Amino acid sequence: MQAVILAAGMGKRLKHLTQNNTKCMVKINGIPLIDRMLRQIEVCSLSRIIIVVGYEGRKLINHVKQLNIHTPLVFIWNDTYDRTNNIYSLSLAGDWLCREDTLLFESDLIFEDSVLKELIIDPRDTLALADRYESWMDGTCMKLDDDDNILEFVPGSRFQYSESGNYYKTVNIYKFSQNFSQNYYVPFLKAYIKALGNNEYYEQVLRVIAVLDQPAIKAKRLHGQKWYEIDDIQDLDIASSMFAEDAAGKLCLTAGRYGGYWRYPKLLDFCYLVNPYFPSIKMKDEMKASFDRLLTQYPSGMRVNSLLASRNFGVMEQNIAVGNGAAELIKVLMESIIRKAGFVRPAFEEYLNRYGNNDAVIYVPSGKDYRYDESDLEKFFCGKDIESLIIINPDNPSGNYISYKGLQKLIGWSKDRGIKLVIDESFADFANEGQTLIRQDLLEQNPHLFVVKSISKSYGVPGLRLGVLASGNDGAVAQVKKSVSIWNINSFAEFYMQIEEKYKTDYQLSLVKLKTERERFMKELSDINGMRVVPSQANYIMAELTGKMSSKEFTEKLLEDENILIKDLSEKLGGKNYVRIAVRNEKENNIFLDAARRICKID
């Protein structure tokens, strides 16, 4: 068996990275793509490696010759690389294809060793490697039957998103038998080029062969093995984290993206905190039905969106502001309104990060697992030189919860002392009480009170970027509104607020489901040896690792071995071995439980 690598392309979408280099010489974590691929092929003990070169071909040849590859190398020149596509590059290697069985690669791929191993050990002699289609993928897809027969090759021009659930993406790695190349592929390839020219793709030939009565090529499905196709700098960035050299580097690069994990194959995100049971299917269908209009129309300004929020939360328009996520409102609040502030730590750091002053007064709970109540806060901050106090309730990451009655006491205490009180209730709906402070009577009676709520977290729509700030201090709310851009939210977010009231019953049902699943999940986690669970009233759970394994090691192993992302709290908690785990739906939580049990057994 031999290998053929197509490496003649220019890689224009990688811009400056391929200005003087061919695409396969772009580095991921310091290693050129071609180096990694050649060393993976070298292990397979093939008869030769044939590389079709073109753009910056001499530079590529010289580089490869210095890699000490023991498998014999053959280079084929495509002198018209700038006027032809990969169908022509492969045709130049046509005679070689007919000599023996071949592994065919495109050179802009990165994949783990098991991908190649799976293809080679499969007894079937002619295969197209395929993976279930996901939204990050681009290019030719396939439809398969239950016997791995390729029913249809689907080029990008014929892709139907309504059928995407039935598609498999070509990985652009193939195994061709000598017989297949001699009697099918190369003859069809020559005929296709003669009829349609050189500016086509070799998959088009496979598409023709696939419709024959006796299919000569089948699909080989991947099942979770990692691979990525590098087309642009975003792909390069993602692949750098997916294929980091060690678990610590992988975790750092992945977590540092702060989202966008739909582009990570099969990754389960237990780090970011979202209601898994809302919005309902019907609500999503209503939004989809208006997609075209929302995409092509401007949203309203702040005044109209404040009216929508005031209706949904039952307060006056002048007492509520809408933000591009709670983060936008926090920034304005902390930079423009809050002075001499007190904070609780550990907690959600955005408030302290946006404060930026050196006069912050910090309360660190002394109780076990960072438990505290309103009396602890009053005792600590009494007599302190503060003008504002910031509280997250339930707290993040501990899940500590001050009761509604306790919050009322704290509101009265701060009012008597002339202290502005900011309460972030982004997770309050998940608490067993589930009561909100966004009430007109409460706000009017307490103009020193500011209530922040992230719609993303409670309502399960982080992609819309929605948050609200409510206060009886009309002037402060007006100042917040003036400080953001006129169109600070998009049309999809506005439409969501427009229809949200119709789905309040569905939302309440989602909270019941979440609370029920949280209790089950906490109980199951508590039964795992080496894990001590801290009771929570939020949609996340803090747990202590009590065995030999550190929380950092546990988090790294989850990502590296199980493709699950959680939050390691050791840096936030001064080296203590705690993690934070989001509560997702029952199916996903069970996947996490199984993974955690496997890892804790190692300990």
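A brief structural summary. Computed from a predicted model, the values in this text were never measured in an experiment.

Ordered by their spatial adjacency, seven strands build an open sheet running E15-E21-E20-E19-E18-E16-E17, and the pairing between neighbours is mixed. If you trace the sheet from one side to the other, it starts and ends with strand E15 (320-324) and strand E17 (361-363), each paired once. Within this sheet the neighbouring strands show an average axis-to-axis angle of 20°, counted without direction. The pairing of strand E20 (residues 449-454) with strand E21 (residues 466-471) spans five bridges and is antiparallel. Considered in E21, the bridge of valine 452 is made with leucine 469. Helix H15 (residues 374-381) rests against strand E16 (341-344), E17 and strand E18 (388-392) of the sheet, and its axis sits at about 145° to E17.

In this section: helix H8 (residues 233-242). In terms of residue burial, H8 counts as a mostly covered element, since seven of its ten residues are buried. Considered for burial, the residues of H8 that qualify are Asp235, Leu236, Ile238, Ala239, Ser240, Ser241 and Met242. Summarising the contacts, the buried residues of H8 are in contact with strand E2 (27-28), strand E7 (109-111), strand E13 (227-229) and helix H9 (247-255). The backbone nitrogen of glutamine 234 lies 3.1 Å from a side-chain oxygen of the residue at the head of H8, namely aspartate 232.

This next bit is on the environment of leucine 60. Relative to the helices and strands, leucine 60 is located in helix H2 (residues 57-65). Residue classification places leucine 60 among the buried residues on the basis of a relative accessible area of 0%. Residues leucine 60 and leucine 511 lie 451 residues apart in sequence; the distance between their C-alpha atoms is 58 Å. In this view, leucine 60 contacts Ala7, Thr22, Cys24, Met25, Ile34, Ile51 and Val53; residues no more than four positions away in its chain are not counted.

A word on the packing of H9 against helix H22 (residues 551-562). As a packed pair, H9 and H22 sit with axes 9 Å apart at the nearest point and diverge in direction by 80°. Looking at the two axes, H9 sits roughly perpendicular to H22. Between H9, through Ala247, Ala248, Lys250, Leu251 and Thr254, and H22, the contact on the second element is made entirely by Lys552, Thr555, Glu556, Leu559 and Glu560. Its residues assigned to classes, the contact of H9 with H22 comprises four nonpolar, two polar and four charged.

As a further point, take unusual backbone geometry. The peptide bond linking phenylalanine 278 to proline 279 adopts the cis configuration, its omega dihedral lying at 5°. Relative to the elements of secondary structure, proline 279 occurs in the loop between strand E14 (268-269) and helix H10 (281-289). Put simply, arginine 345 and proline 346 share a cis peptide bond, and its omega is 5°. Unusually for a residue other than glycine, aspartate 369 sits at a positive phi of about 60°. Positionally, aspartate 369 belongs in the loop between E17 and H15.

What the four strands build is an open sheet, ordered E22-E23-E26-E25; its pairing is antiparallel. A strand with exactly one partner marks an edge of an open sheet, and here the two such strands are strand E22 (531-534) and strand E25 (567-568). Bridge count between E22 and strand E23 (residues 540-545): four bridges; the pairing is antiparallel. For valine 533, the partnering residue across the bridge sits in E23 and is alanine 543. Packing against the sheet, helix H21 (residues 504-526) makes contact with E22, E23 and strand E26 (578-582), and its axis sits at approximately 150° to E22. Against the sheet, H22 touches E22, E23, E25 and E26, its axis set at about 35° to E26.

Now for the pairing of strand E6 (residues 102-106). For a regular strand, side chains alternate in direction, first toward one face of the sheet and then toward the other. Across the five residues that make up E6, a large majority, five, are buried. Side chains Thr102, Leu104 and Glu106 of E6 all project onto a buried face; the interleaved residues Leu103 and Phe105 project onto the opposite face, where all are buried too. In this structure, strand E1 (residues 2-7) lies alongside E6, joined through five bridges in parallel fashion. When the sheet's bridge partners are listed, leucine 6 is paired in E6 with glutamate 106. One ladder, built from four bridges, connects E6 with strand E11 (residues 167-176); its direction is antiparallel. Within E11, the residue paired with leucine 103 across the bridge is lysine 175.

Rules used throughout
- Throughout this document, residue positions are counted from 1 along each chain, in the order its sequence is written.
- The predicted origin of the model limits local features to residues at a pLDDT of at least 70 and limits the giving and counting of side-chain atom pairs to 80 or more, whereas totals for whole chains, interfaces and linings rest on all residues.
- The basis for every side-chain value is the complete set of non-hydrogen atoms in the structure, without hydrogens or water.
- Here, a strand pair is defined by DSSP locating no fewer than two bridges between the strands.
- The helix and strand labels rest on DSSP assignments: H or I over at least four residues marks a helix, E over at least two residues marks a strand, and numbering proceeds from the N terminus.
- To define axes, lines are fitted to C-alpha atoms, for helices over the stretch in contact only, and angles between the resulting N-to-C directions are given on a 0 to 180 degree scale.
- The contact criterion used throughout is that any non-hydrogen atoms of two residues lie within 4.5 Å.
- For the exposure calls, accessible area comes from a 1.4 Å probe over protein chains only, and a residue counts as buried if that area is under 20% of its type's maximum, exposed if over 50%, partly exposed in between.
- N or O atoms closer than or at 3.5 Å make up a polar contact, with two conditions inside protein: a donor-capable atom paired with an acceptor-capable one, and, for residues adjacent in sequence, both atoms drawn from side chains.
- When an angle is under 35 degrees it counts as roughly parallel; over 145 it counts as roughly antiparallel; between 65 and 115 it counts as roughly perpendicular; any other value is oblique.
- Note that Gly is not counted as nonpolar here; it falls among the polar residues with everything else outside the nonpolar set of Ala, Val, Leu, Ile, Met, Phe, Trp, Tyr, Cys and Pro and the charged set of Asp, Glu, Lys and Arg.

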